[in-house]
Amino acid sequence: MTNMTSTGTALADALTGAFAGHFGRHPDGVWQAPGRVNLIGEHTDYNEGLVLPFAINRSTTVAVAARADRTVRLASGFPGAEPVEFDLDTFTPDQAAGWSAYPAGVAWELERAGITVPGFDLFVSSDVPVGAGLSSSAALECAVALGLSDLTGAGLGRADLADIGRRAENNVVGAPTGIMDQSASMLGTKDCAVYLDCRDLSSRPVPLGLAEAGLVCLVIDTKVSHAHASGGYAARRASCVRGARALGVGALRDLGAADLPGAERILDWETFRRVRHIVTENGRVARTAELLGTHGPLAIGELLDASHRSMRDDFEISCPELNLAVDTARANGAIGARMTGGGFGGSAIALVPVDDADRARSAVLAGFDARGLPAPDVFAVLPAEGARRL
Ligand code: ADP
Ligand code: MG
């Protein structure tokens, strides 16, 4: 038995126990979906552009049992996530409050896609940090989507399940996020990133080769909380729509570097910089995937750095803590670093030679401490398998 399988079995057993303790019965199955790190390609997904995320070895696990009626009962081990009960026949998105909007939204979107979902009991457990920009939300959606799809025999493909998760997040949670997070969680493969074209949704695994190159990917969770549903995310999305409309294209994906001088003449300075981030970021994603194939991860540091500068200065979605994390990691051994995820808080990533990882971590902790900031969490992540049944 491999290590992964024995860990998976132990986790399934523990969750089965928690489920039984809460609901007084046994689950029909246990499903798991990972969080993600975005290597590069930020805010490009809803502009029909390119992204390169990878699923990580931090996951959300759900135990689910179908019911004979249309009642849904939801519980989570996450502190503060109160149990919720509702009826699928009378459920509407405006009833969904707090954490239950994610699993309830998935059930609702499955039904809207024509799949009859029975009532069910569901218990959640997770080691994806919540609100850290590692997409605990997509991990939860994808674990629930795969579980309900298996239970109903709906047999939806992985890309379709990712889209069910996105629609739950957009329409029921109310966060206007793109398809990247759910795609990474559903399509991830071990040691690879997912190169995803968010226009035609074609994807392919791109081997990362981190271990072979002697690199680790450190996550620096700044503990600054972001709020997608209400914060600047929606404002950035609106800027992109405005820019595309003014430039006469369906989506910013349709623009290349050669279009930027013309765009600068037409657009106001702020909208232009939003557009420039998307256009240059798409170029960086394509170049990163290419370089990974030809030269390996040691060659992509400058692209990560350039991506961070673009998010900091043009898209303006970074914050002082993220900049401190990135700059400190870079000054202490990292070959490249950038904030990851929607921005306004959350996490940064740094690619660091194995031998420098402790130094980089200590320097980041010391840097935060010296400025009187709460200590960040700094930990290594591995590119891992996507959602699966345990
Ligand atoms: P991120 O996706 O970056 O972690 P989000 O704000 O998009 O942050 O999603 C976090 C929300 O997802 C939480 O506030 C909670 O409502 C829900 N959530 C995530 N994981 C769990 C969990 N294990 N149990 C209950 N709710 C969860
Ligand atoms: Mg999220």
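Residues numbered from 1 in each chain as written. Chains lettered and ligands numbered in written order. Predicted model: local features only at pLDDT ≥ 70, side-chain atom pairs only at ≥ 80, totals over all residues. Heavy atoms only, no water.

(A) Local environment of the state of the cysteines. For the coordinates displayed, the defined rule picks out zero disulfides. Here C240 is not cross-linked by a disulfide; its sulfur's nearest cysteine counterpart is in C198, at 13 Å. Accessibility expressed as a relative area gives 2% for C240, which makes it buried. (Disulfide = S-S within 2.5 Å. Buried < 20%, exposed > 50% of the residue type's maximum accessible area, 1.4 Å probe, protein only.)

(B) Local environment of the sheet that holds strand β10 (residues 347–353). Reading across the sheet, the four strands line up as β9-β10-β8-β11 and stay open at both edges, with antiparallel pairing between neighbours. Two strands close off the open sheet at either side, each with one partner strand: β9 (336–340) and β11 (377–381). Each neighbouring strand pair of the sheet contributes to a mean axis angle of 25°, computed without reference to strand direction. With seven bridges connecting them, strand β8 (residues 215–221) and β10 associate as antiparallel partners. Within β10, the position partnered with C217 by the bridge is L351. Here helix α10 (residues 320–331) sits on the sheet and contacts β8, β9 and β10; the angle it forms with β9, its principal contact strand, is near 165°. (Pairing = 2+ DSSP bridges. Helix = DSSP H or I, 4+ residues; strand = E, 2+ residues; numbered from the N terminus. Axes fitted to C-alpha atoms, helices over the stretch in contact; angles between N-to-C directions. Contact = heavy atoms within 4.5 Å.)

(C) The domain arrangement of the protein chain, seen in detail. Splitting the protein chain by domain gives domain 1 (2–206) and domain 2 (209–381). Computed over C-alpha atoms, the centres of domain 1 and domain 2 are 25 Å apart. Every contact between the two is made by 37 residues of domain 1 and, on the other side, 44 residues of domain 2. Summed over both sides, the interface between domain 1 and domain 2 buries roughly 3,200 Å², with carbon and sulfur atoms accounting for 63% of that surface. Three residues stand out in domain 1 for area buried against domain 2, namely I40, E42 and H43, and they jointly supply 20% of the buried area on that side. Linking domain 1 with domain 2 are three salt bridges. Across the pair E42 and R338 runs a salt bridge whose closest N-O atoms are separated by 2.9 Å. Run the count over domain 1 and domain 2 and you get 16 residue pairs in polar contact (both at pLDDT 80 or more). For the side of domain 1 that touches domain 2, the element with the highest residue contribution is strand β2 (residues 50–66), accounting for seven residues. (Domains from an automatic or database assignment. Buried area = accessible area lost by both parts, 1.4 Å probe. Salt bridge = Lys/Arg side-chain N within 4 Å of Asp/Glu carboxyl O. Polar contact = N/O pair within 3.5 Å; in protein donor to acceptor, adjacent residues only side chain to side chain.)

(D) Seen up close, helix α2 (residues 101–112). Here α2 spans 15 Å end to end across 12 residues, near enough to the 16 Å set by a 1.5 Å rise per residue. Here α2 lies mainly inside the structure; nine of its 12 residues are buried. When we look at burial in α2, the residues that qualify are A101, P103, A104, G105, V106, A107, W108, E109 and L110. If you follow the buried residues of α2, they end up packed against β3 (71–76), β4 (84–87), β5 (120–126), α3 (136–152) and α4 (158–173). Looking one or two residues beyond α2, the residue adopting positive phi is G114, at roughly 95°. (Expected span 1.5 Å × (residues − 1).)

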